[in-house]
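The chain contents come next:
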Amino acid sequence: MKLILALVFLASGVAFADVSVPQLDIGKGGHCVDDPKFMRLNHGDLLKHQRTITVHQGIRGKYSLAACVDCHASRKNNSVIGTDRNFCQGCHVYAAVKLDCFECHSSRPTTVGMTEGGK
Amino acid sequence: MNSGRRQFIGRGGAMLAGLAIAPGMLLYDLAHGRPASGAVRWGMLIDTSRCESGCDDCVKACNKENGLSGGTGPADVQWIRKLELKDSRTGRGVSLPMMCQHCEEPPCVDVCPTAASFKRADGIVLVDRHLCIGCRYCMMACPYKARSFVHEPVHDQKPDVPRGKGTVESCTLCVQRVDRGETTACAEACAKAGHKAILFGNLNDPGSEISRRIKAVASTQIRADLGLNPGLHYEGL
Amino acid sequence: MDLLQARRDTRIFYLLVGLGALVVAAGLVAAHYMEEYGHIVTGMNNQIVWGMPHVFAIFMIVAASGVLNVASIGSVFGKPPYKTRAPLSGLLSIALLAGGLSVLMLDLGRPERIIVAATHFNPTSVFAWNVFLYSGLFAFVGIYLWTMMEKRMNPWSRPAGLLVFVWRIILTTGTGMIFALLVARQAYGTAILPPMFIVMSFAWGLAVFYIVQAAMYGWNEMELNPAILKRLKNLLGLFILSVIYLVAVYHVTNFARHAAFERFILAEGGIYPMLFWGGYVFLGSVLPLFLIYFPRLGGKHHVLVASMLVISGSFCLLYVLIIGGQAFPLSIFPGYEARSSFGDGQIGSYAPSLPEILLGCGGLGVSFLITTIGVRALNFMPRDENTQAGD
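**Student:** Before we move on, can you summarise the nonpolar core with the specific residues and values?
**Tutor:** Nonpolar side chains in soluble globular proteins tend to end up buried together. One finds Tyr 137 of chain B together with Phe 179 and Trp 204 of chain C to be the most contacted residues of the largest nonpolar core, which totals 179 residues. Per-element tally for this core: the top contributor is helix H9 (residues 193-219) of chain C, with 17 residues. Phe 179 of chain C has contacts with Tyr 137 and Met 140 of chain B together with Trp 50, Ile 58, Tyr 188, Gly 189, Leu 193, Phe 197 and Ile 322 of chain C, leaving out every residue within four places of it along the chain. Leu 47, Leu 65, Ala 73 and Phe 102 of chain A belong to the second-largest nonpolar core, a separate cluster that totals seven residues.

**Student:** Describe the interface of chain B and chain C, listing the residues and the values that go with them.
**Tutor:** The partner chain C presents 52 residues to the 54 residues of chain B that form the contact. Taken together, the two surfaces of chain B and chain C that pack against each other cover about 4600 Å², and 58% of this comes from carbon and sulfur. Interface area lost by chain B to chain C is led by Tyr 137, Met 140 and Lys 145 of chain B, which between them contribute 18%. Linking chain B with chain C are three salt bridges, by the criterion used here. A salt bridge links Arg 136 of chain B to Asp 107 of chain C; the shortest N-O distance between them is 3.0 Å. Those elements giving two or more residues to the side of chain B that touches chain C turn out to be strand S2 (80-87), strand S3 (93-99), helix H4 (107-111), helix H5 (137-141) and strand S6 (148-149) of chain B. The leading source of residues in the side of chain B that touches chain C is S2 of chain B, at seven residues. Relative to strand S1 (residues 336-340) of chain C, S2 of chain B is paired through five bridges, and the arrangement is antiparallel.

**Student:** Residues and numbers for the sheet that holds strand S10 (residues 232-235) of chain B, please.
**Tutor:** Pairing between the strands of a sheet is mediated by backbone hydrogen bonds and can be parallel or antiparallel. All names here are of chain B. Here four strands make up an open sheet; going across it, the order is S8-S1-S10-S9 and the pairing mixed. The sheet terminates laterally at strand S8 (198-202) and strand S9 (219-220), the two strands that pair on one side only. Where S9 meets S10, two bridges bridge the pair, whose relative direction is antiparallel. Looking across to S10, one finds that Thr 220 is bridged to Tyr 234.

**Student:** Quick rundown of the sheet that holds S3 of chain B? Include the residues and the values.
**Tutor:** Taken together, the three strands give an open sheet; going across it, the order is S3(B)-S2(B)-S1(C), and neighbouring strands pair in antiparallel fashion. Of all strands in the sheet, those with a lone pairing partner are S3 of chain B together with S1 of chain C, marking the two edges. On average, each strand axis in the sheet is inclined to that of its neighbour by 30 degrees, with strand direction left out of account. Each of S2 and S3 of chain B is contacted by helix H3 (residues 57-66) of chain B, which is oriented at about 160 degrees to S2 of chain B, the strand it contacts most.

**Student:** Give a detailed account of the layout of surface pockets, specifying residues and quantitative values.
**Tutor:** All names here are of chain C. Of the volumes computed, that of the second largest pocket is approximately 1000 Å³. Lining the second largest pocket we find 34 residues, and of these Val 212, Ala 215, Thr 371, Thr 372 and Val 375 sit closest to its centre. Counting residues per element, the ones that place at least two in the lining of the second largest pocket are helix H1 (3-37), helix H5 (86-106), H9, helix H13 (300-327) and helix H14 (354-377). Looking at which element gives the most residues to the lining of the second largest pocket, the answer is H14, with eight residues. Its residues assigned to classes, the lining of the second largest pocket comprises 23 nonpolar, eight polar and three charged.

**Student:** Account for a nonpolar patch on the surface, with residues named and values stated.
**Tutor:** All names here are of chain C. On the surface, a nonpolar cluster with roughly 400 Å² of combined accessible area is contributed by Phe 121, Trp 129, Phe 132 and Leu 181. Within the secondary structure layout, Phe 121 lies in the loop between helix H6 (116-119) and helix H7 (126-149). Accessibility expressed as a relative area gives 37% for Phe 121, which makes it partly exposed.

**Student:** Report on the pattern of salt bridges, specifying residues and quantitative values.
**Tutor:** Counting across every chain of the model gives 24 salt bridges over all chains. Taking the shortest distance from any N to any O, the salt bridge between Arg 108 of chain A and Asp 156 of chain B comes out at 3.7 Å. Separated into two different chains, Arg 108 of chain A in the segment after helix H4 (87-95) and Asp 156 of chain B in the loop between S6 and strand S7 (168-169) make up a pair that spans both. Among the ionic pairs, Glu 337 of chain C bridges to Lys 86 of chain B, the shortest N-O distance being 3.9 Å. Here Glu 337 of chain C is found in strand S1, whereas its partner Lys 86 of chain B is found in strand S2 on a different chain. Owing to a relative accessible area of 44%, Glu 337 of chain C belongs among the partly exposed residues under this scheme.

**Student:** Before we move on, can you summarise the packing of helix H2 (residues 52-66) of chain C against H14 of chain C with the specific residues and values?
**Tutor:** Helix-helix packing is characterised by the crossing angle of the two axes and by the distance between the axes. Residues and elements named next belong to chain C. Two elements in contact, H2 and H14, have axes whose closest approach is 7 Å; the angle formed by their N-to-C orientations is 20 degrees. By the angle class used here, H2 and H14 are roughly parallel. With respect to the hand of their crossing, H2 and H14 are arranged in right-handed fashion. Counted together, Met 52, Pro 53, Phe 56 and Met 60 of H2 and Glu 356, Ile 357, Leu 359, Gly 360, Cys 361, Gly 363, Leu 364 and Ser 367 of H14 form the full contact between these two elements. Grouping the constituent residues of the contact of H2 with H14 by class yields eight nonpolar, three polar and one charged.

**Student:** Summarise the pairing of S8 of chain B; cite the residues concerned and give the values.
**Tutor:** Residue and element names in this part refer to chain B. Buried residues dominate S8, accounting for five of its five residues. Sheet analysis places strand S1 (residues 42-47) next to S8, joined by five bridges and oriented antiparallel. The partner of Leu 45 across the bridge, within S8, is Leu 199.

**Student:** Would you mind going over the packing of helix H10 (residues 226-257) of chain C against helix H12 (residues 271-293) of chain C in detail, with residue names and values included?
**Tutor:** Residue and element names in this part refer to chain C. At their nearest, the axes of H10 and H12 sit 9 Å apart, and the two run at 150 degrees to each other. In terms of orientation, H10 and H12 fall into the roughly antiparallel class. When the axes of H10 and H12 are compared, the crossing they make is left-handed. Side by side, H10 and H12 meet where Lys 233, Asn 234, Leu 236, Gly 237, Leu 238, Ile 240, Leu 241, Val 243, Ile 244, Val 247 and His 251 of the first sit next to Phe 276, Tyr 280, Gly 284, Ser 285, Pro 288, Leu 289, Ile 292 and Tyr 293 of the second. Residues belonging to the contact of H10 with H12 are distributed by class as follows: 13 nonpolar, five polar and one charged.

What counts, and where the lines are drawn
Residues numbered from 1 in each chain as written. Chains lettered and ligands numbered in written order. Predicted model: local features only at pLDDT ≥ 70, side-chain atom pairs only at ≥ 80, totals over all residues. Heavy atoms only, no water. Core = buried A, V, L, I, M, F, W, Y, C linked by side-chain atoms within 4.5 Å. Buried < 20%, exposed > 50% of the residue type's maximum accessible area, 1.4 Å probe, protein only. Helix = DSSP H or I, 4+ residues; strand = E, 2+ residues; numbered from the N terminus. Contact = heavy atoms within 4.5 Å. Buried area = accessible area lost by both parts, 1.4 Å probe. Salt bridge = Lys/Arg side-chain N within 4 Å of Asp/Glu carboxyl O. Pairing = 2+ DSSP bridges. Axes fitted to C-alpha atoms, helices over the stretch in contact; angles between N-to-C directions. 1 Å grid on protein atoms, 1.4 Å probe; cavity = no way out; pocket = protein on both sides within 12 Å on 5 of 7 lines; lining within 4 Å. Points joined across faces, edges and corners; volume = space filled by probe spheres on them. Nonpolar A, V, L, I, M, F, W, Y, C, P; charged D, E, K, R; others polar. Patch = residues over 30% accessible without salt bridge, like charges linked within 9 Å, V, L, I, M, F, W, Y side chains within 5 Å. Areas by Shrake-Rupley, 256 points an atom, 1.4 Å probe, with all protein chains shown as cover. Parallel < 35°, antiparallel > 145°, perpendicular 65-115°, else oblique. Left-handed = near helix turned anticlockwise from the far one by under 90°.

This is the structure in structure tokens:
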């Protein structure tokens, strides 16, 4: 799966530049915690590793999902999902990889748009 | 392009190998957080004589902190609840908050088939919701009825309290706050209401307020007969 | 058999398969509905965390082990009339286990993550042991069937049968242990549960076996050898009595520890005492014993009805044990009356919903389909021509 994803990204950037690559709304953006190309390839594994040490050891490190959301939530709908231009959903729809983080995790940034009470 | 791809994959591979060799121990991780330590045992001392009957500020604070609906139907999630007790012989009334007791020997952890229920090094009992398959055996095993199953899809979760349908959850001792060095939402709310019935602290530190108090006054653990050594102690029962 | 007869048989076979498939489909739709909306659409809640699906599943899993009794008596203890029935008993075991596990799996809050149960294993969990025990039973019964149905493998059928015998006793112990280890609950946490489950498995498994055998004989217009009927019915009677004995011991000893709970479950708890006395004791035990032992009764039809009653009784008993056992409030503060927003000190309410019942029936459908296709495709017919009933 990783390899296929890698191919999709590289191919979309170089060989098939005319294919309609997702036009992503990267939100606030700015400096990523790591090289964007590296993140594109490895964010899945990094998040998985981070989640394990966060949940089990309480180490809240730099590859946190909440941090991704903080920077990349669209300013339009205040989320990383919702439309095919949103940061997470746009790419995952394009790559046809199921995204189920946000059934449990908040897709909205920590700082704004927090709703109280939940549900 | 080919070499570029190779380079990416190679770097990714090297990184992943690094992750695999020393999980949780990479330098950048340590720079961003310290693992929960076994030298600490988080616990609570609840003084029931200070807990006011009818007051549920702790419950409200918990719901707010953790993004719970606050519903009290039989299928609604409740991490903390107020119990009103009446001594069957004397008629004496006692009011107290009830939640996960963060046992040293948690039955929920013993019975969980996937090891989703676990105890952190600092004694906080949690559910890794990435591993929970929703079998509810832990709810059957818990002597305190501390756990809830999420019966419905959840929306608008708190960013630092992920929760979702089909998994089991319970009081996390506000782990997100504890990791920031803060006290729990319930203890804070109780103090704010002027009751100060909930004392949160490190049971392993002989100098901590909770340790000194437990040494000084009589307290009990609920269902102490089961030998689970809960982290929660109650006074005035 | 003439051509017309064969055609008619084929038609009925496809009709049965169609019916079975329909029930399974209904179960799958129900499971999907439960997954889509969450368990809120079931009657289960935070007090009654295990409900109707578990009654169905545990019945099937317990019966799956018990139905092997017939094979064990044949292979392990070398009784020819049982030996010829061993293949059918193996097939039924696989069918029931598959049905029960399907229900258990589809009732999970996160059924799509079932693979986690294989990748993350907690050695202290009885549930995790059971994952091993269940998959082991599939494998060993499969091997056992192979040794019986493949002539060259026949010499191995005795050791294979012995392995299955030991395995299934451990398996049912494991199933009973799920409850026996719940020390905090008044209904469970007693060492009598695993042996009770084993004896229950004998009775329920034999009842299932008898019904299937009767259907197969009826289909093929064959008559069951009266001497063998007598053996089977006496065995069933003995098993029913043994279950009553253990259930009685369970309740009497539990009364000494948790009198309030026992008063609830046996007298004051509304539906639970009703199901216990009316469903399990009268319909599921006394009436079948009467049908089996009363002079001039005990014919093949009586035993068939008795078997069906035993199965109905087993559902009542499991309902009382599983759901009744959770309905009574936990004793968290002995000596105090408790009240809270979370059902403390109150009897839990539970009303089974259609989806969970359909899911349970879907599991029975799975068992039915596997059995129907199995006996059609392969030769599972018990034949007594060459055996002496008196052996």
